[in-house]
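Fold and contact review
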Amino acid sequence: MEMILEMLSYPFIVRALTGGMMVSLCAALLGVSLVLKRYSMIGDGLSHVSFGALSVALAAGWSPLKVSIPVVTLAAFFLLRITENSRVKSDAAIAMISASALAAGIIVTSLSTGMTTDVSSYMFGSILAMSREDVILSGVLSLIVLCLFVFCYNKLFAVTFDENFARAAGVRVEVYKVLIAVLTAVTIVLGMRMMGAMLISSLIIFPALTAMRVFKSFRGVVWCAGVLAGVCFFSGMVLSYGWSVPAGASIVLVNLAAYILFSLVDRAGSRPG
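Bear in mind the structure is a predicted one, so any value in this text is a computation, not a measurement. (Residues numbered from 1 in each chain as written. Predicted model: local features only at pLDDT ≥ 70, side-chain atom pairs only at ≥ 80, totals over all residues. Heavy atoms only, no water.)

**Looking at the overall build of the protein**
Using the following cut-off: For the purposes of this entry, the term helix denotes a DSSP run of H or I that reaches at least four residues, the term strand denotes a run of E that reaches at least two, and both are numbered from the N terminus. Residue exposure (1.4 Å probe, protein chains only): buried if accessible area is under 20% of the type maximum, exposed if over 50%, otherwise partly exposed. What makes two residues a contact is simply this: any of their non-hydrogen atoms within 4.5 Å.
Assigned secondary structure in the protein consists of 13 helices and 0 strands. When the helices and strands of the protein are listed from N to C terminus, the series reads α-α-α-α-α-α-α-α-α-α-α-α-α. In the protein, buried positions account for 51% of the 273 residues. In the protein, the share of contacts with a sequence separation of at least 24, taken over all contacts with a separation of at least 6, comes to 75%.

Next up, the structure:
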């Protein structure tokens, strides 16, 4: 407890916790729909697109977040159209766009500034370097994502489980699929600063998969994933502070431990009495 109080006495850690908690919650809630629709790796693909956009922005002296958000949003929409209207499967399309964007980002970086601290922080994460402006922007956009998720909850539920039924019920399926992609793109960009392109997809995948080990209803999985995201994020930050290890990697390992724990609980509960 003393270590936690000491940790909270530093303003930059409080900023990191504030911004990180909100982004983690958004990623976990959206991750439920993405995992169920087998789009779980879209986070990894969009994070690499975001890295490419950030590299170009840093090389040109532009604002990284203001450039990457529209670029990644367009990439999410483009990726959705490719997987639906072509012979390319979703996993192949994600891998193709991911590798191309990452390669473009590396080339731009090597030709301009080289692998500077700013580029490395977006590649591997630097949550403690979040400025007050980063936290404010993350907070505002995270609130928008959460409000849209809650407001469109029933429609997203229908689209996630049965698109044909949703169409028959009058739901504009294409609109809500694009909404999921756009919200995911915004969340990915916000999470880049704290987790990096290499680890951001873990915030989308782990809470949803972990919750599904114990809960079977959509509502139960959503609630559990949201709580897990907050608990694992805070625990990872405490671990990072106490052992002086990278915050992003610590958060991922805590999520892994939670998944293993929930898997053991699920296995113990499924054994015949």
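**So, the packing of helix α2 (residues 11-36) against helix α12 (residues 218-243)**
To be explicit about the condition: With axes taken as lines fitted to C-alpha atoms, and helix axes fitted only over the stretch in contact, angles between N-to-C directions fall between 0 and 180 degrees. Handedness of a crossing follows from how the near helix is turned relative to the far one, being left-handed for an anticlockwise turn of less than a right angle and right-handed for a clockwise one. The nonpolar class holds Ala, Val, Leu, Ile, Met, Phe, Trp, Tyr, Cys and Pro. Asp, Glu, Lys and Arg form the charged class, and all remaining residues, Gly among them, are polar.
In contact at an axis separation of 9 Å, α2 and α12 are set at 145 degrees when each is read in the N-to-C sense. Crossing of α2 over α12 shows right-handed handedness. The segment α2 lies against α12, with Ile 13, Ala 16, Leu 17, Gly 20, Met 21, Ser 24, Leu 25, Ala 28, Leu 29, Val 32, Ser 33 and Leu 36 engaging Phe 218, Val 221, Val 222, Ala 225, Gly 226, Ala 229, Gly 230, Phe 233, Phe 234, Met 237 and Tyr 241. Across the contact of α2 with α12, the residue classes tally to 18 nonpolar, 5 polar and no charged.

**Considering the packing of helix α8 (residues 153-161) against α12**
Just so we agree on the cut-off: In this scheme, roughly parallel covers angles under 35 degrees and roughly antiparallel covers those over 145, while 65 to 115 is roughly perpendicular and the rest are oblique.
At a minimum axis separation of 12 Å, α8 and α12 run at an interaxial angle of 110 degrees. Compared by their axis directions, α8 and α12 come out roughly perpendicular. Every pair of crossing elements has a handedness; the one defined by α8 and α12 is right-handed. In this structure, α8 uses Tyr 153, Phe 157, Thr 160 and Phe 161 to contact α12, whose residues at the interface are Phe 218, Arg 219 and Val 222.

**Re a nonpolar patch on the surface**
To keep things clear, this is the line we draw: Only residues whose relative accessible area exceeds 30% and that form no salt bridge are eligible for patches; like-charged ones are grouped when within 9 Å, while nonpolar side chains (Val, Leu, Ile, Met, Phe, Trp, Tyr) are grouped when within 5 Å. Note on areas: these come from Shrake-Rupley sampling with a 1.4 Å probe, and a residue is covered only by the protein chains present in the view. Should a side-chain nitrogen of Lys or Arg be within 4 Å of a carboxyl oxygen of Asp or Glu, the pair is scored as a salt bridge.
Taken together, Val 214, Phe 215, Leu 261 and Val 265 make up a surface patch of nonpolar side chains, about 330 Å² in accessible area. Relative to the helices and strands, Leu 261 is located in helix α13 (residues 247-270).

**Considerations on α12**
Side chains three or four residues apart in an α-helix point the same way, a direct result of the helix having 3.6 residues per turn. How we decide: Between the first and last residue of a helix there are one fewer steps than residues, each counted as 1.5 Å, and that sum is the expected span.
Here α12 spans 36 Å end to end across 26 residues, near enough to the 38 Å set by a 1.5 Å rise per residue. Looking one or two residues beyond α12, the residue adopting positive phi is Ser 244, at roughly 55 degrees.

**Quick notes on helix α7 (residues 132-151)**
Its 20 residues give α7 an end-to-end C-alpha distance of 28 Å, which sits within 8% of 28 Å, the value for a rise of 1.5 Å per residue. Turning to α7, its buried residues are Asp 134, Val 135, Ser 138, Gly 139, Leu 141, Ser 142, Val 145, Leu 146 and Phe 149.

**Some points on the side chain of Ser 201**
Summarising the element assignment, Ser 201 is placed in helix α11 (residues 201-212). Relative accessible area serves as the criterion here: at 10%, Ser 201 is assigned to the buried category. Among all residues touching Ser 201, those that are not within four sequence positions of it are Gly 43 and Asp 44.

**Quick word on the environment of Val 245**
Of note, Val 245 is situated in the loop between α12 and α13. When neighbours within four sequence positions are excluded, Val 245 is seen to be in contact with Leu 239, Ser 240 and Ser 250.

**Structural notes on the pattern of salt bridges**
Taken as a whole, this structure holds 2 salt bridges when the rule is applied. Between Arg 167 and Glu 174 there is a salt bridge whose closest N-O contact spans 3.0 Å. Taking relative accessible area as the criterion, Glu 174 reaches 32% and is therefore assigned partly exposed. In this structure, Asp 266 and Arg 213 form a salt bridge, with 3.6 Å as the shortest nitrogen-oxygen distance. With Asp 266 in helix α13 and Arg 213 in the loop between α11 and α12, this pair connects stretches of sequence that are 53 residues apart.

**What to know about the environment of Ser 235**
Looking at the element boundaries, Ser 235 is found in helix α12. Since its relative accessible area comes to 31%, Ser 235 is described here as partly exposed. Along the primary structure Ser 235 and Asn 255 are separated by 20 residues, whereas in three dimensions their C-alpha atoms are 9.3 Å apart.

**Remarks on the environment of Gly 139**
Structurally, the position occupied by Gly 139 is in helix α7. For Gly 139, a relative accessible area of 13% gives the class buried. Separated by 116 residues in the primary sequence, Gly 139 and Val 23 have C-alpha atoms spaced 8.0 Å apart.

**A look at the side chain of Ser 33**
Looking at where Ser 33 falls in the secondary structure, it is placed in helix α2. Discounting residues that sit within four places of it in the chain, Ser 33 has contacts with Thr 160, Ile 180 and Phe 218.

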